[in-house]
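Coordinates in review
Now for the letters of each chain:
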Amino acid sequence: MLPHEARTLYASLLKIRIAEEVIAKHYPMGNMKCPVHLCIGQEAIPVAICSGLDHHDFVTSNHRSHGHYLAKGGDLLALLRELHGLPSGCTRGWGGSQHPYAPDVGFMATSAIVSGGIPVATGIAQACKWQKKNALSVVFMGDGATEEGNFYESLNYAALQNLPILFVCENNGYAVHSPARKRRADGVRLVDIARSLGVVPYEADGNNLVDLHTLAQQVISTMRNTPHPCFIEAKTYRWKGHVTPDEDFGPGYRLQEEIEHWKTHCPIQLFEEYLLNNQIMNDQEMRMQKASMLVEIEAMMEAILLESKSPHNCIAPASPY
Amino acid sequence: MTEDPTVYVMGEGVDDYKGLWGTTSGLLDAFGPDRVLDTPLSENAMTGIAAGTAALGYKPILTHQRIDFMLMGMDSLCNHAIKHYAMTGQQSHLPLTIRAIIGRGWGQSIQHAQSFYPIFAHFPGIKIVAPANATDAKGLLVAAVKDPDPVLVIEARSLYSQKAPVPEDRYETPIGQALCVHPGIHLTIVTLSYMVPVVLETLPALQAMGLDAEVIDLRSIKPLDMDTIQASVQRTHNLVIVDITWECGSIAGDIASKVVDFQFASLDRPPLKINLPEDYVGASESMENSFYHDKNSLTTVIQSWWKRI
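To keep things clear, this report deals only with the structure shown in the data block. Predicted, not measured: the structure shown is a model, and the values here were computed from it.

This brings us to the overall build of chain A. Of regular secondary structure, chain A possesses 11 helices and eight strands. For 321 residues, the compact-globule formula gives about 20 Å, and the C-alpha radius of gyration of chain A, at 19 Å, lands near that figure. Expressed as lengths along the three principal axes of its C-alpha atoms, the size of chain A is roughly 55 × 55 × 45 Å. Looking at chain A residue by residue over its 321 residues, the buried ones come to 56%. Expressed as a percentage of contacts within chain A between residues at least 6 apart in sequence, the contacts between residues at least 24 apart total 72%.

Taken residue by residue, the interface counts 31 residues in chain B and 32 residues in chain A. When the buried surface of chain B facing chain A is broken down by residue, I49(B), L56(B) and M87(B) rank first, second and third, together holding 21% of it. Linking chain B with chain A are zero salt bridges, by the criterion used here. Applying the counting rule to chain B against chain A returns five residue pairs in polar contact (both at pLDDT 80 or more). Put simply, the parts of the chain that give the side of chain B that touches chain A at least two residues each are α2 (43-55), α3 (74-81) and α4 (84-87) of chain B. Residues of the side of chain B that touches chain A, tallied by class, amount to 13 nonpolar, 15 polar and three charged.

All names here are of chain B. Spatial strand order, β2-β1-β3-β4-β6-β5-β10: seven strands in an open sheet with mixed pairing. Looking at strand neighbours, the two that pair on one side only are β2 (36-38) and β10 (220-222), the edges of this open sheet. Going across the sheet, the axis of each strand differs from the next one's by a mean of 20 degrees, ignoring polarity. Note: strand β3 (residues 59-64) against strand β4 (residues 97-102), four bridges, orientation parallel. Residue H64 lies in a different strand from β4, and its bridge partner there is A100.

The final tally for this structure, using the stated rule, is 23 salt bridges over all chains. Between E298(A) and K25(A) there is a salt bridge; the shortest N-O distance is 2.7 Å. One end of the pair, E298(A), is in helix α11 (residues 283-309); the other, K25(A), is in helix α1 (residues 3-26), with 273 residues separating them in the sequence. Overall, the relative accessible area of 18% leaves E298(A) in the buried class. A salt bridge links E247(B) to K273(B); the shortest N-O distance between them is 3.8 Å. With a gap of 26 residues between them, E247(B) in the loop between β11 (239-242) and α9 (251-263) and K273(B) in strand β12 (residues 272-274) connect regions that are remote in the sequence. Since its relative accessible area comes to 33%, K273(B) is described here as partly exposed. One salt-bridge network, in which partners are shared between bridges, spans R189(A), D192(A), R195(A), E203(A), E233(A) and K235(A).

This part is about the sheet that holds strand β7 (residues 179-182) of chain B. All names here are of chain B. Overall, mixed pairing links the five strands, which are arranged β7-β9-β8-β11-β12 in an open sheet. Two strands in the sheet have a free side with no partner beyond their single neighbour: β7 and β12. Each strand axis lies, on average, 25 degrees off the axis of its neighbour in the sheet, ignoring direction. Bridge analysis of β7 against strand β9 (residues 213-217) gives three bridges, and the strand direction is antiparallel. Across the sheet, residue H182 finds its bridge partner in β9, namely V215.

Residue and element names in this part refer to chain A. At their nearest, the axes of helix α10 (residues 267-277) and α11 sit 10 Å apart, and the two run at 135 degrees to each other. The angle between the axes of α10 and α11 places the two elements in the oblique class. Seen from α10, the contacting residues are E272, L275 and L276; seen from α11, they are D283, M286 and K290. Class assignment for the residues of the contact of α10 with α11 results in three nonpolar, no polar and three charged.

Let's shift gears to the nonpolar core. Counting residues in hydrophobic clusters, the biggest one holds 106 residues, and the most contacted among them are F167(A), I255(B) and I302(B). By residue number, the principal contributor to this core is helix α5 (residues 117-131) of chain A, which donates eight residues. Residue contacts for I255(B): discarding those within four places in its chain leaves V190(B), L218(B), L224(B), M226(B), I229(B), L239(B) and I241(B). Counting residues in each nonpolar core, the second largest holds 74 residues, with V210(A), I280(A), M281(A) and I297(A) among its members.

It is worth spelling out unusual backbone geometry at this point. Look at the link from K222(B) to P223(B): it is a cis peptide, with omega at 0 degrees. Take P223(B): it is sitting in the loop between β10 and α8 (226-236). Phi angles above zero are rare outside glycine, and N162(A) is one such case at about 55 degrees. Within the fold, N162(A) resides in the loop between α6 (149-161) and β4 (165-171). Taking the relative accessible area as the measure of exposure, N162(A) reaches 38% and is therefore partly exposed. Although it is not a glycine, Q279(A) sits at a positive phi angle of roughly 55 degrees.

What follows deals with a nonpolar patch on the surface. Taken together, L179(B), V181(B) and L200(B) make up a surface patch of nonpolar side chains, about 190 Å² in accessible area. Along the chain, the position of V181(B) falls in strand β7.

On to the environment of Y253(A). Residues and elements named next belong to chain A. The topology assignment puts Y253 in the loop between β8 (230-235) and α9 (256-263). Considering only alpha carbons, one finds Y253 and Y174, 79 residues apart in sequence, at a separation of 9.9 Å. Once residues within four sequence positions are removed from consideration, Y253 is found in contact with Y174, V176, H177, R238, G241, H242 and D248. Within the structure, the side chain of Y253 is placed 3.1 Å from the side chain of R238, a separation counted as a polar contact.

Residues and elements named next belong to chain B. Topologically, N275 is positioned in the loop between β12 and α10 (285-291). Within the structure, the side chain of N275 is placed 3.4 Å from the side chain of D243, a separation counted as a polar contact. A polar atom in the side chain of N275 sits 3.0 Å from the backbone oxygen of T245. Aside from chain neighbours lying at most four places away, what touches N275 is D243, T245, W246, E247, S250 and A252.

The next point concerns the packing of helix α4 (residues 76-83) of chain A against α11(A). Residues and elements named next belong to chain A. At a minimum axis distance of 10 Å, the contact between α4 and α11 shows a crossing angle of 45 degrees. With respect to α11, the axis of α4 lies oblique. α11 is crossed by α4, and the crossing has right-handed handedness. Between α4, through L76, L77, L80 and R81, and α11, the contact on the second element is made entirely by I297, M300, M301, I304 and E307. Among the residues making up the contact of α4 with α11, the classes are represented as seven nonpolar, no polar and two charged.

The rules behind these values
In this convention, every chain numbers its residues from 1, walking through the sequence in written order. All chains are assigned letters beginning with A, and all ligands numbers beginning with 1, in the order in which they are written. Whole-chain, interface and lining totals are the exception, using all residues; otherwise, since this is a predicted model, local features are given only for residues with pLDDT of at least 70 and side-chain atom pairs are given and counted only at 80 or more. Note: side-chain values were computed over all heavy atoms of the structure, leaving out hydrogens and water. The helix and strand labels rest on DSSP assignments: H or I over at least four residues marks a helix, E over at least two residues marks a strand, and numbering proceeds from the N terminus. Note that the radius of gyration is over C-alpha atoms, with the globule rule given as 2.2 Å times the number of residues to the power 0.38. Working definition: with a 1.4 Å probe on protein chains only, accessible area under 20% of the residue-type maximum means buried, over 50% means exposed, and in between means partly exposed. Pairs of residues are marked as contacts when any of their non-hydrogen atoms sit within 4.5 Å. Here the buried area means the combined drop in accessible surface, using a 1.4 Å probe, for two parts upon being joined, counting both sides. For salt bridges, the criterion is a side-chain nitrogen of Lys or Arg within 4 Å of an Asp or Glu carboxyl oxygen. Definition of a polar contact: a pair of N or O atoms within 3.5 Å, with one able to donate and the other able to accept a hydrogen when the atoms are protein atoms, and with sequence-neighbouring residues admitted only if both atoms are side-chain atoms. Classification used: nonpolar for Ala, Val, Leu, Ile, Met, Phe, Trp, Tyr, Cys and Pro, charged for Asp, Glu, Lys and Arg, polar for all others including Gly. Note on pairing: two strands pair once DSSP finds at least 2 bridges between them. Inter-axis angles, ranging from 0 to 180 degrees, are taken between N-to-C directions of lines fitted to C-alpha atoms, where helices are fitted over the stretch in contact. Under this scheme an angle from 65 to 115 degrees is roughly perpendicular, one under 35 degrees roughly parallel, and one over 145 degrees roughly antiparallel; angles in between are oblique. Throughout, nonpolar core names a set of buried Ala, Val, Leu, Ile, Met, Phe, Trp, Tyr and Cys residues whose side chains join them through atoms within 4.5 Å. Put simply, a patch holds well-exposed residues, over 30% relative accessible area, that have no salt bridge, with like charges counted together within 9 Å and Val, Leu, Ile, Met, Phe, Trp or Tyr side chains within 5 Å. All accessible areas in this document rest on Shrake-Rupley with a 1.4 Å probe, and a residue is counted as covered only by the protein chains that are shown. It is the rotation of the near helix from the far one that decides the hand of a crossing: anticlockwise by less than a right angle makes it left-handed, clockwise makes it right-handed.

Laid out in structure tokens, this is it:
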């Protein structure tokens, strides 16, 4: 990829990582009164996929939505405000962490019901096909979602109607605390399922941004040339717990060694090696970028804390029904 | 569909040569397969897909040949479509219309003869209408399609053969408005859908025992037109509700309790709720006959209730 593209991707990666780390750090103070499902460790996937999309394409997401929202161009300040339940949040305080909303950049819907967004994204793709504006619909899901009926029904319909939809599975091997081996028979591969339903499948290392970026550009280009549904299974791992800002190896459902192993495959570290090896950025530039982004995001949090103390931000709206 | 290119019909068999008992006949020829979509047997995905198109400004009319199949699409309807407006911070409406057809009789049996509208009425943010004649079937469907939020239209197949005047031009029947179909003075009978004609058939027998009944066709289950009902009860002092489903959670219970809340002093007797029996309808003719009220059994129930005080 071109150097300026690489720098843009790096900035996008950092924004997600640092924002999530700031959220994790502040969460115990209890001012973000909603469950947060952090995507630390999985950042490369939304960054790679969204690098092939623009504001006219659509993204549908799930409960682990922050990375998808930010990579698609959602406003970070609006998201942080939403986490604090403010009317100035992207969903006016109605959605919290699980339902960010940014229609101006095509971030259309999220679902806190696993797989719930898949049919909606398929419907968006149907509308895209009718509107003939060459727009794409992308839906992010986890491995758990591929067990729900919604997955099979939607892929079947997308293949039947040749819809411009990209199904992206961020396979991190867990559904809450349940590992994949307890949910799917050995040897059954998601790409085989997608293929058998008539959807073109791809498999990828979800933490290798360079390769994933190349793949995403390629897949999206084929979809724009000839609308058809595709499925990308990107293998990755979440560092934090399902819904906790801690690395939860304590309870025992996963081992600390497993988390430590995946940290050596950190998508950001891997990309930094690429940037260094290709002389796109040096160590000092990267450190400075991280530092200034951290300062910026911490300043946002401070401002939001003040904002949330204002009395007019503490009133619940009347029911519209 | 002629006037608005964003309106389309979808559902299992909507382009079928039988036209879903004639309700979708001719649409495929007039509007083509892109706007008259036969769908796979995937109620949950299809409801979500309809919602997804509505999020981009299309106006789907999702049709279920039988309301019973709606249970396979509960999540997409109740966890997603109905809540879309709220979950987007009240920033995006969802103009989804669903037609659900009630079956009854001819041994269709337990899973093909349900009318469980209360399941959906429970949720804020959905509107539910039930036309009892062809005039309102057109008017309420037009209103449903034009409504910016999800509307469920409950159609009773047994009414399809009943004729009623239907103006050629496009008109809307307001959602949330009940209609007095027979004025009376001694009691108010509120009813809906396929029970409307049955209630009207009881009037001569009731008249013969000196009861002049006022009959109100609910037309809209949610929002509920309590103003019309209350105004009527204020004059008649007696209320009967003849419903089309089981008692628990039914609109009969809702109306009865609201009238007791607001008009307790003006009631001569406690309201009478007539729901389906707490049972399932078997396929045999004798079971069906004892399950559903006809004009005679209905008259008997009303008479006994009247005579109790």
